[in-house]
Amino acid sequence: PKLAPSPLDPLKAADIPDAVLTKVYGGRENAPPELVAVYPNIRPDAQDGYHGFDIGADGRTLVTASYPWDMIEVRNLANGRKFKELGIKEPRDSPFFAWLKISPDGNTVYGLRKAEAHRARKTEDLYAFNIQGRELWRTPIRRNGSTSAPLPDGSKLAAAARAHNANVLHVLGPKTGVGRTKLH
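Model, not experiment: these values are computed from the prediction.

Asks: Lay out the pairing of strand E5 (residues 96-102) with the relevant residues and their values.
Replies: Burial analysis of E5 places 6 of its 7 residues in the buried class, the great majority of the element. Pairing of E5 with strand E6 (residues 108-114) involves 6 bridges; the strand directions are antiparallel. Residue pairing in the sheet places phenylalanine 96 in a bridge with lysine 114 of E6. Hairpin connection, E5 to E6: the antiparallel pair is bridged by 5 residues, and glycine 106 has positive phi, about 80°.

Below you can see the structure in the form of structure tokens.
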């Protein structure tokens, strides 16, 4: 069977400017062959890094989170331009978003906000924002090391974590963040 076109198909290495490849890799000849895009690092510190991303089902929306900044950036996938910030503006080295997911309908962005390992706060909070930037809800997940995923039909959100020497799975309502079940 023929595969459907991917939203990544239009991205081509030839479209990356030579100056960018020289700055990042020392030249086009040193860039990995699978490279198709270089998004600008919009933060002033070269040590900042992306810790989470997702591509929306529309194939046009990219969400990114970079450490140590505590904002989710909504971008145009084709050119990397940011058009919205979601999150809580806090100082550098605050808890940060490390996992991101766009809902199947593209209207909600989920983010898992992690505490840094050296901080006293060891919990994580799962957030939901509408694509316009309003916080819809947040719920504590309680332990670092969590991950989450919306079901493909968007009906539930699963959050896996480690708690009290057991692996647990929380099943949440994606519109409310209210738990439906907790499996051990």
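Asks: Outline the nonpolar core, listing residues and values.
Replies: Ranked by internal contacts, the top residues of the largest apolar core, which has 13 residues, are Val63, Ile72, Leu86, Phe97, Leu100, Val109 and Phe129. Looking at this core, the elements that each hand over two or more residues are strand E2 (61-67), strand E3 (71-76), E5 and strand E7 (125-130). A total of 3 residues in this core trace back to one element, the largest contributor, which is E5. The residues contacting valine 63, other than those within four sequence positions of it, are Gly52, Phe53, Asp54, Ile72, Glu73, Val74, Leu100, Ile102 and Val109. With 12 residues, the next largest nonpolar core counts Leu112, Ile141, Ala159 and Val168 among its residues.

Asks: Could you give me a rundown of the confidence of the model for the chain, with the residues and numbers involved?
Replies: Scored by pLDDT, the chain has a mean of 76; 74% of the residues are at 70 or more. At the low end of the mean pLDDT range in the chain sits strand E12 (residues 179-183), at 57; at the high end sits helix H1 (residues 18-25), at 87.

Asks: Go over the pattern of salt bridges with me, naming the residues and quoting the values.
Replies: Tallied over the full model, the rule gives 7 salt bridges. In this structure, aspartate 18 and arginine 28 form a salt bridge, with 2.8 Å as the shortest nitrogen-oxygen distance. Highlighted residues: aspartate 18 in helix H1 and arginine 28 in the loop between H1 and strand E1 (49-55), separated in sequence by 10 residues. Aspartate 18 sits in the partly exposed class, given a relative accessible area of 48%. Here aspartate 105 ties to lysine 175 by a salt bridge, and the two come within 3.9 Å at their closest N and O atoms. Remark: lysine 175 occurs in the loop between strand E11 (166-172) and E12 and aspartate 105 occurs in the loop between E5 and E6; sequence separation between them is 70 residues.

Definitions and limits used
- Residues numbered from 1 in each chain as written.
- Predicted model: local features only at pLDDT ≥ 70, side-chain atom pairs only at ≥ 80, totals over all residues.
- Heavy atoms only, no water.
- Buried < 20%, exposed > 50% of the residue type's maximum accessible area, 1.4 Å probe, protein only.
- Helix = DSSP H or I, 4+ residues; strand = E, 2+ residues; numbered from the N terminus.
- Pairing = 2+ DSSP bridges.
- Core = buried A, V, L, I, M, F, W, Y, C linked by side-chain atoms within 4.5 Å.
- Contact = heavy atoms within 4.5 Å.
- pLDDT = per-residue confidence, 0-100.
- Salt bridge = Lys/Arg side-chain N within 4 Å of Asp/Glu carboxyl O.

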